[in-house]
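Structural description and commentary
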Protein chains: 2
Amino acid sequence: MSTGKKILITNDDGVKSKGISALIEMMRPYGELTVVAPFEAQSGMSAALTIGKPLRLTELRNEEGLKVFACSGTPADCVKMAMNQLFLNEMPDLLVSGINHGSNASIASLYSGTLGAASEGTVYGIPSIGFSLCTHNPSADFSTAVHFGRKILEQFLKEPVKPNIYLNVNIPAIEIDEVKGIKFSHQGKGQWIKEFEARTDPYGFNYYWMTGEFYNLEPDEVGSDYNAVEEGYVSIVPHKIDTTDYQELKRLESIWKL
Amino acid sequence: MSTGKKILITNDDGVKSKGISALIEMMRPYGELTVVAPFEAQSGMSAALTIGKPLRLTELRNEEGLKVFACSGTPADCVKMAMNQLFLNEMPDLLVSGINHGSNASIASLYSGTLGAASEGTVYGIPSIGFSLCTHNPSADFSTAVHFGRKILEQFLKEPVKPNIYLNVNIPAIEIDEVKGIKFSHQGKGQWIKEFEARTDPYGFNYYWMTGEFYNLEPDEVGSDYNAVEEGYVSIVPHKIDTTDYQELKRLESIWKL
């Protein structure tokens, strides 16, 4: 069943996470897997790169069809390290990132390390997808994500996404037969509120834990990724790496006096 | 001359950098400044947030029209901290980030902490701009950036940018009278090559410094921000926080079988 593809796998929850094990299981039938994932959790790292301190790359497994490396940096570092140190004279056919343990719908996409890696793959011209299971429950079951991940992958391999675009797939944390379907969506509008919990250390100084509640700014918007998942659909958003607003560019150009 | 505005200032080179001192000087005439910037350099941090370890916020200066705080996190953390701990019942009228010591044109915008902060301001609905001086020369002169920064700010205050969009301003590192003008541009296409320098530690293990050369993928493209700066123009790109590709969404929706 192997398509013989060269597949680069990464994530932001770290090389030991449940989500990357599920992703490896999901991707095994499709080709040769090279996993380069962070040593430790790198959630919320967006497309961050490590500048000013050196990186390490450690081989953890090397078996038929599966190599696993841990990298000391961010998800985007992992992709750069894979491309510069491992894929020397060839390109991966595909990059898959995840399966993230938590939603990357709405503006979570701005902060997501899972998608930072998919964006980085796209910069190299690799067809790239990020998968996320929308729950933080530590005992989450990834089988719904694997099931729909494969369905989406089959389409992706038949009809790829245009250059400079990657896919953000969010899967609701429900049983396979409870899922209502798969929907193309757009990045929903949202905000976090109550973002920090302030505490006082034993020496009398304040410190702040990032926490926060997501606040959906368009609960009635048809087509928002956040709403799709809330309603029990798997959401797919195509994101682009060129974030220029061309319409606003033209508008400002015509009215600003420079 | 003060417009009495409440202005939030941040950056990614850290609270002690030359660029933020230049930005404070540039912004002083426009209102009350609240600076919340990283303790240390946070270049390449994109929109990353600090999750899993707590943040600190320390007041460094408090004088008429200027408060300065250092935050232990990323540029986006600084914005969140300012909004949650300092601007409690009011919104800043403006967020300015920078002046970055180095270009944020082309795909540097994906990794830029300067722009990560501007993006974060935009999420809160604050009109936001990131400024960058296109040189890494440690003895760089920021006066050209301050001069054109003010010109752009005057227009920005008269005719603001639409919601969910922030500006990325890149200034060439040349004398004021050598600048050919100010141009609206789009995010240029580029890549980094030769991205790591591998070394061996005293114990025989490899480690990798991120270095890299920028490779311009569209040297002849009229309207690219990178080319504008190369030609001696100040470049302004409007970036949006909704990175959905709506055209690709429609295309995939019509051809994928899900």
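Please read these numbers as outputs of a predicted model, since none were measured by experiment.

Some words on the overall build of chain A
For chain A, the count of helices and strands is seven helices and 13 strands. Here chain A has a C-alpha radius of gyration of 19 Å; the compact-globule value for 258 residues is 18 Å, and the two agree. Principal axes of the C-alpha set define a box for chain A whose edges measure 55 × 55 × 50 Å. Within chain A, buried positions represent 51% of all 258 residues. Within chain A, contacts between residues separated by at least 24 positions form 76% of all contacts whose residues are at least 6 apart in sequence.

Notes on the packing of helix α2 (residues 75-86) of chain A against helix α4 (residues 113-123) of chain A
Residue and element names in this part refer to chain A. Two elements in contact, α2 and α4, have axes whose closest approach is 7 Å; the angle formed by their N-to-C orientations is 30 degrees. With respect to α4, the axis of α2 lies roughly parallel. The handedness of the crossing between α2 and α4 is right-handed. Mapping the contact onto sequence places Pro75, Ala76, Cys78, Val79 and Lys80 in α2 and Gly113, Thr114, Gly116, Ala117, Glu120 and Gly121 in α4. Residue composition of the contact of α2 with α4, grouped by class: five nonpolar, four polar and two charged.

Focus: the confidence of the model for chain A
Confidence along chain A averages 96 in pLDDT terms, with 99% of residues attaining 70 or more. At the level of chain-chain contacts, confidence expressed as ipTM amounts to 0.95, with global pTM at 0.96.

Quick word on α4(A)
Residues and elements named next belong to chain A. With respect to burial, α4 is a largely interior element, eleven of its eleven residues being buried. Considered for burial, the residues of α4 that qualify are Gly113, Thr114, Leu115, Gly116, Ala117, Ala118, Ser119, Glu120, Gly121, Thr122 and Val123. Of the residues trailing α4, Gly125 is marked for its positive phi of about 85 degrees.

A few points about the relation of the copies chain A and chain B
The two copies are related by a screw operation: chain A maps onto chain B through 180 degrees of rotation and 0.0 Å of translation along the axis, at an RMSD of 0.0 Å. Here the symmetry operator amounts to a two-fold rotation axis. By residue overlap, the copies meet face to face through one surface: 100% of the interface positions of chain A are interface positions in chain B.

Looking at the interface of chain A and chain B
At the interface, 58 residues of chain A touch 58 residues of chain B. Counting residues per element, the ones that place at least two in the side of chain A that touches chain B are α2, α3 (108-111), α4, β8 (181-184), β11 (206-210), β13 (233-240) and α7 (246-255) of chain A. Considering each element in turn, the side of chain A that touches chain B owes the most residues, six residues, to α7(A). Each residue belonging to the side of chain A that touches chain B can be placed in one class, and the counts come to 32 nonpolar, 15 polar and eleven charged.

Description of the pairing of strand β7 (residues 165-172) of chain B
Residues and elements named next belong to chain B. Across the eight residues of β7, eight count as buried, placing the element largely inside the fold. Burial along β7 is two-sided: Ile165, Leu167, Val169 and Ile171 and Tyr166, Asn168, Asn170 and Pro172, pointing in opposite directions, are all buried. The sheet contact formed by β7 and strand β13 (residues 233-240) spans six bridges and is antiparallel. Looking across to β13, one finds that Asn168 is bridged to Val237.

Concerning unusual backbone geometry
Residues and elements named next belong to chain A. In this structure, the amide linkage connecting Gly98 to the following residue, Ile99, adopts the cis form with an omega of -10 degrees. Along the chain, Ile99 falls in strand β5 (residues 94-101). With a phi angle near 70 degrees, Asn164 is a residue other than glycine that sits in the positive phi range. Within the fold, Asn164 resides in the loop between α5 (143-158) and β7 (165-172). For Asn164, a count of 16 C-beta atoms within 10 Å puts it in the partly exposed group. Positive phi values are uncommon outside glycine, yet Lys194 reaches one of about 50 degrees. Summarising the element assignment, Lys194 is placed in the loop between β9 (190-193) and β10 (196-200). For Lys194, a count of 10 C-beta atoms within 10 Å gives the class exposed.

A few points about the pairing of strand β10 (residues 196-200) of chain B
Moving residue by residue along a regular strand, the side chains alternate between the two faces of the sheet. Residues and elements named next belong to chain B. Where β10 meets strand β11 (residues 206-210), five bridges bridge the pair, whose relative direction is antiparallel. Considered in β11, the bridge of Ala198 is made with Tyr208. As consecutive antiparallel partners, β10 and β11 are separated by five residues, and within that stretch Gly204 has a phi angle of approximately 95 degrees, a positive value.

Some thoughts on the sheet that holds strand β4 (residues 66-71) of chain B
Pairing between sheet strands relies on hydrogen bonds along the backbone, with the strands arranged either parallel or antiparallel. All names here are of chain B. One open sheet accounts for nine strands, arranged β3-β4-β2-β1-β5-β6-β7-β13-β8; its pairing is mixed. For this open sheet the edge positions go to β3 (57-63) and β8 (181-184), each flanked by a neighbour on one side alone. The average angle at which neighbouring strand axes cross in this sheet is 20 degrees, direction not considered. Of the strand pairs in this sheet, β8 and β13 are connected by four bridges, and their pairing is parallel. Looking at β13, one finds that Lys183 is bridged to Ser235. Docked against the sheet, helix α1 (residues 18-27) engages β1 (5-10), β2 (31-38), β4, β5 (94-101) and β6 (128-134), running at close to 140 degrees with respect to β5. Contacting β1, β2, β3, β4 and β5, helix α2 (residues 75-86) runs over the sheet at an angle of about 130 degrees to β2.

Observations regarding the environment of B:Pro238
Looking at the secondary structure, you find B:Pro238 in strand β13. Excluding residues within four positions of it along the chain, B:Pro238 makes contact with A:Thr244, A:Asp245, A:Glu248, A:Leu249, A:Leu252, B:Val161, B:Ile165 and B:Leu167.

Concerning the environment of A:Glu221
Residue and element names in this part refer to chain A. Within the secondary structure layout, Glu221 lies in the loop between β12 (213-216) and α6 (225-230). Among the residues examined, Glu221 registers 15 C-beta atoms within 10 Å and is labelled partly exposed. Separated by 26 residues in sequence, Glu221 and Gln247 have C-alpha atoms that sit 22 Å apart. Apart from residues lying up to four places away in sequence, Glu221 is in contact with Gly188 and Asn227.

A look at the sheet that holds β8(A)
Residue and element names in this part refer to chain A. Across the sheet, nine strands lie side by side as β3-β4-β2-β1-β5-β6-β7-β13-β8; this open sheet has mixed pairing. The sheet terminates laterally at β3 (57-63) and β8, the two strands that pair on one side only. Adjacent strand axes in the sheet meet at a mean angle of 20 degrees, parallel and antiparallel pairs treated alike. Taken together, the six bridges between strand β6 (residues 128-134) and β7 define a ladder with parallel strand orientation. The residue bridging Ser132 from the neighbouring strand is Asn170, located in β7. Sitting on the sheet, helix α1 (residues 18-27) is in contact with β1 (5-10), β2 (31-38), β4 (66-71), β5 and β6, with an inclination near 140 degrees to β5.

Parameters and conventions
- Residues numbered from 1 in each chain as written.
- Chains lettered and ligands numbered in written order.
- Predicted model: local features only at pLDDT ≥ 70, side-chain atom pairs only at ≥ 80, totals over all residues.
- Helix = DSSP H or I, 4+ residues; strand = E, 2+ residues; numbered from the N terminus.
- Rg over C-alpha atoms; globule rule 2.2 N^0.38 Å.
- Buried ≥ 20, exposed ≤ 12 C-beta atoms within 10 Å, placed from the backbone.
- Contact = placed C-beta atoms within 7 Å.
- Axes fitted to C-alpha atoms, helices over the stretch in contact; angles between N-to-C directions.
- Parallel < 35°, antiparallel > 145°, perpendicular 65-115°, else oblique.
- Left-handed = near helix turned anticlockwise from the far one by under 90°.
- Nonpolar A, V, L, I, M, F, W, Y, C, P; charged D, E, K, R; others polar.
- pLDDT = per-residue confidence, 0-100.
- Least-squares fit on C-alpha atoms with pLDDT ≥ 70 in both.
- Pairing = 2+ DSSP bridges.

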